[in-house]
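# Breakdown of the fold
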Amino acid sequence: MAEDSENKTNLAVFVSGRGSNLESIIDSCSAGLLEPLARVALVVSSKASSGACRIAESAGIDRFIYSKDIPLEDLLATLRDKAISFIALAGYLRRIENEILQRYSGKILNVHPALLPKFGGKGMYGMRVHQAVIEAGEKLSGATVHYVTEDYDAGAILAQETVEIGSNETADSLADKVLTLEHRLYPEAIAKALTA
Ligand code: GRF
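Now for a look at the structure at hand. This structure is a prediction, so every number in the text was calculated from the model and none was measured.

## So, the overall build of the protein
Helices and strands together make up the secondary structure of the protein, namely six helices and seven strands. Going from N to C terminus, the protein has its helices and strands arranged as β-α-β-α-β-α-β-α-β-α-β-β-α. For the protein, whose C-alpha radius of gyration is 16 Å, the value lies close to the compact-globule estimate of 16 Å for 196 residues. Counting all 196 residues of the protein, 51% fall into the buried class. Excluding contacts between residues fewer than 6 apart, the proportion of contacts in the protein whose partners are at least 24 apart in sequence is 65%. Carbon and sulfur atoms provide 49% of the accessible area of the protein, an area that totals close to 9500 Å². One way to put it: in the protein the 20 positive side-chain charges average out to a point 2 Å from where the 26 negative ones average out.

Next comes the structure, spelled out in structure tokens:
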């Protein structure tokens, strides 16, 4: 793993929306498990304005807006200029291009709000996941951190934990429960990957 003089990995977090996992990773880098290991050196957002962009801005972290009209080469150059050696996807809705997968092989993680391999794959994101879990009558759901490969939600699982689904559980209440779990599990899993 490429590290700087402080022995910290330069992490890029890729986002598209609210940014609560981005926030938990930033917090963990400043005063948590990730503090000795990594810093968020770049936030890549597929949207020009998002909760995640505002979180990055108030944390003083450089942002790269990767909208559809921006060439992949510009993103690759920015990742190189910022000496990014590990990527965490946190609610990022664009497909990761093969060039990035190749350059960062085994160094890209994603967090998914269900117990993969169930309730994953193309189109399974956001509230759709929790609605499907409730409709299937599951007794357990949870969060999964996995390596990113060319197939959606199909890479090796690095960390997974469960939450119980109550008899009156709704998709909304389940989403809250799982998100709370993600905020602890994802920084833990990133730390595990960086020290493996
Ligand atoms: C999370 O539920 C995560 O599991 C999924 O997208 C959501 C992102 O939420 N991949 P946030 O933007 O981190 O708040």
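There's more to say after this.
## Some thoughts on the site of the ligand
In the vicinity of the ligand, the contacting residues are Arg18, Gly19, Ser20, Asn21, Gly91, Val111, His112, Pro113 and Glu182. A distance of 2.9 Å separates a nitrogen atom of the ligand from a polar atom in the backbone of valine 111. In this structure, an oxygen atom belonging to the ligand sits 2.7 Å away from a side-chain N or O atom of glutamate 182. Burial of the ligand by the protein amounts to 86% of the accessible area it has alone, namely 360 Å². Of all the secondary-structure elements, those providing two or more residues to the shell around the ligand are α1 (20-31) and β5 (108-112). Grouping the constituent residues of the shell around the ligand by class yields two nonpolar, five polar and two charged.

## So, the packing of helix α5 (residues 127-135) against helix α6 (residues 171-195)
Geometrically, a packed helix pair is captured by the angle between its two axes and the distance between the axes. Between α5 and α6, whose axes approach to 9 Å, the crossing angle comes to 115 degrees. What the angle tells us is that α5 and α6 run roughly perpendicular. In this structure, α5 meets α6 at a crossing whose hand is right-handed. Taken together, the residues of α6 that come into contact with α5 (itself represented by Met127, His130, Gln131, Val133 and Ile134) are Ala171, Asp172, Leu174, Ala175 and Val178.

## Comments concerning unusual backbone geometry
For the peptide bond that leads from leucine 116 to proline 117, omega is 15 degrees, which places it in the cis range. A positive phi angle is found at phenylalanine 119, which is not glycine, with a value near 60 degrees. Checked against the element boundaries, phenylalanine 119 lands in the loop between β5 and α5. By relative accessible area, phenylalanine 119 is classed as buried at 17%. A positive phi is found at aspartate 153, a non-glycine position, where the angle reads about 60 degrees. By the secondary structure assignment, aspartate 153 is in the loop between β6 (140-147) and β7 (157-164).

## Comments concerning the sheet that holds β6
Read across the open sheet, the seven strands follow the order β3-β2-β1-β4-β5-β6-β7; overall the sheet is mixed. Since the sheet does not close on itself, it has two edges, and those belong to β3 (63-65) and β7, each with one partner. Within the sheet, the average angular offset between the axes of one strand and its neighbour, ignoring direction, is 20 degrees. Both strand β2 (residues 38-45) and β3 contribute to a ladder of three bridges, which runs parallel. If you follow valine 43 over to β3, its bridge partner there is arginine 63. Relative to the sheet, α6 contacts β1 (9-15), β2, β4 (86-89), β5, β6 and β7, its axis offset from that of β7 by approximately 155 degrees.

## So, the nonpolar core
Core analysis: the biggest nonpolar cluster contains 41 residues, and Leu22, Ile25, Val40, Tyr186 and Ile190 have the highest contact counts within it. The element that contributes the greatest number of residues to this core is α6, accounting for ten residues. Residues Phe14, Phe64, Leu72 and Ile96 belong to the second largest nonpolar core, which totals 21 residues.

Definitions and cut-offs
- Residues numbered from 1 in each chain as written.
- Predicted model: local features only at pLDDT ≥ 70, side-chain atom pairs only at ≥ 80, totals over all residues.
- Heavy atoms only, no water.
- Helix = DSSP H or I, 4+ residues; strand = E, 2+ residues; numbered from the N terminus.
- Rg over C-alpha atoms; globule rule 2.2 N^0.38 Å.
- Buried < 20%, exposed > 50% of the residue type's maximum accessible area, 1.4 Å probe, protein only.
- Contact = heavy atoms within 4.5 Å.
- Areas by Shrake-Rupley, 256 points an atom, 1.4 Å probe, with all protein chains shown as cover.
- Lys, Arg positive; Asp, Glu negative; His and termini not counted.
- Charge placed at Lys NZ, Arg CZ, Asp CG, Glu CD.
- Near = heavy atom within 4 Å.
- Polar contact = N/O pair within 3.5 Å; in protein donor to acceptor, adjacent residues only side chain to side chain.
- Nonpolar A, V, L, I, M, F, W, Y, C, P; charged D, E, K, R; others polar.
- Axes fitted to C-alpha atoms, helices over the stretch in contact; angles between N-to-C directions.
- Parallel < 35°, antiparallel > 145°, perpendicular 65-115°, else oblique.
- Left-handed = near helix turned anticlockwise from the far one by under 90°.
- Pairing = 2+ DSSP bridges.
- Core = buried A, V, L, I, M, F, W, Y, C linked by side-chain atoms within 4.5 Å.

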